[in-house]
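Tertiary structure, described
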Amino acid sequence: MKLGYTILYVSDVAATLLFYERAFGLERGFVHPAGDYAELATGATTLALAADELAASNFEASYRRATLQGEPAAFELAFVTDEVVQAYERALAAGAHSLAAPVTKPWGQTVAYVRDLNGVIVELCTPVG
């Protein structure tokens, strides 16, 4: 078994897609003509965006929608880059909300944290090791 997709349910797929392109330099992949689903090229695992309304067609259970209000959900996306400071500044310029400015950890990895326009935590980090 392998991880194939990470899907974020969001209120506005088009706005989130544009944000991830601008904030993190990701390239769009497949975009459904209906505009309720899109994919971003991120390497071996696809980052996908799906409209909140699409969740209702996939499963009956309710869920806590992503939002900037209140505390973020207990998960994060992590993007690995050699240029954390520049990536952090680019994300902020695109509208990300800072959680933690870049810092070098005791094990040598540089990390920073932002929240996307939906409130999702995004870690920007150098490779480990």
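The structure under discussion appears in the preceding block.
Now for a look at the structure at hand. Please read these numbers as outputs of a predicted model, since none were measured by experiment.

1. Remarks on the layout of surface pockets
Considered as a void within the structure, the largest pocket measures approximately 340 Å³ in volume. Lining the largest pocket are 20 residues, and of these Leu26, Thr42, Ala78, Phe79 and Val80 lie nearest its centre. Along the lines of polarity and charge, the residues of the lining of the largest pocket split into 10 nonpolar, seven polar and three charged. In terms of lining, the second largest pocket is formed by 16 residues, of which the most central are Arg64, Ala66, Ala73, Phe75 and Val120. Residue contributions to the lining of the second largest pocket peak at three residues, all from strand 1 (residues 5-10). Partitioning the lining of the second largest pocket into residue classes produces 10 nonpolar, three polar and three charged.

2. Details of the side chain of glutamate 21
Structurally, glutamate 21 can be placed in helix 1 (residues 13-24). Glutamate 21 sits in the buried class, given a relative accessible area of 18%.

3. Some points on the side chain of asparagine 118
When you line up the elements, asparagine 118 lands in the loop between strand 7 (110-115) and strand 8 (121-125). On the basis of relative accessible area, asparagine 118 is assigned to the buried category, the value being 5%. For asparagine 118, the residues in contact, after removing those within four places along its chain, are Val10, Ser11, Thr16, Ala66, Thr67 and Leu68.

4. Topic: the packing of helix 1 against helix 3 (residues 84-93)
Where helix 1 contacts helix 3, the axes come no closer than 7 Å and their chain directions differ by 145°. Along its contact with helix 1, which presents Glu21, Arg22, Ala23 and Phe24, the element helix 3 presents Ala87, Arg90 and Ala91. Considered class by class, the residues forming the contact of helix 1 with helix 3 number four nonpolar, no polar and three charged.

5. Focus: the packing of aromatic side chains
Geometrically, a pair of aromatic rings is defined through the distance of the ring centres and the angle of the planes. Applying the stated rule across the entire model yields nine aromatic pairs. Here tyrosine 9 and phenylalanine 59 contribute two aromatic rings whose centre-to-centre distance is 6.0 Å and whose plane-to-plane angle is 80°, an arrangement assigned as edge-to-face. Residue tyrosine 9 is found in strand 1, and its partner phenylalanine 59 is found in the loop between helix 2 (52-58) and strand 5 (76-80); the two are separated by 50 residues along the sequence. With 5.5 Å between their ring centres and 80° between their planes, phenylalanine 19 and tyrosine 20 make a pair best called edge-to-face. Of the two residues, phenylalanine 19 and tyrosine 20, neither departs from the other in class, the shared state being buried.

Thresholds, definitions, all that
- Residues numbered from 1 in each chain as written.
- Predicted model: local features only at pLDDT ≥ 70, side-chain atom pairs only at ≥ 80, totals over all residues.
- Heavy atoms only, no water.
- 1 Å grid on protein atoms, 1.4 Å probe; cavity = no way out; pocket = protein on both sides within 12 Å on 5 of 7 lines; lining within 4 Å.
- Points joined across faces, edges and corners; volume = space filled by probe spheres on them.
- Nonpolar A, V, L, I, M, F, W, Y, C, P; charged D, E, K, R; others polar.
- Helix = DSSP H or I, 4+ residues; strand = E, 2+ residues; numbered from the N terminus.
- Buried < 20%, exposed > 50% of the residue type's maximum accessible area, 1.4 Å probe, protein only.
- Contact = heavy atoms within 4.5 Å.
- Axes fitted to C-alpha atoms, helices over the stretch in contact; angles between N-to-C directions.
- Phe/Tyr/Trp six-rings, centres within 6.5 Å; stacked < 30°, edge-to-face > 60°.

The analysis is restricted to geometry; functional conclusions fall outside its scope.
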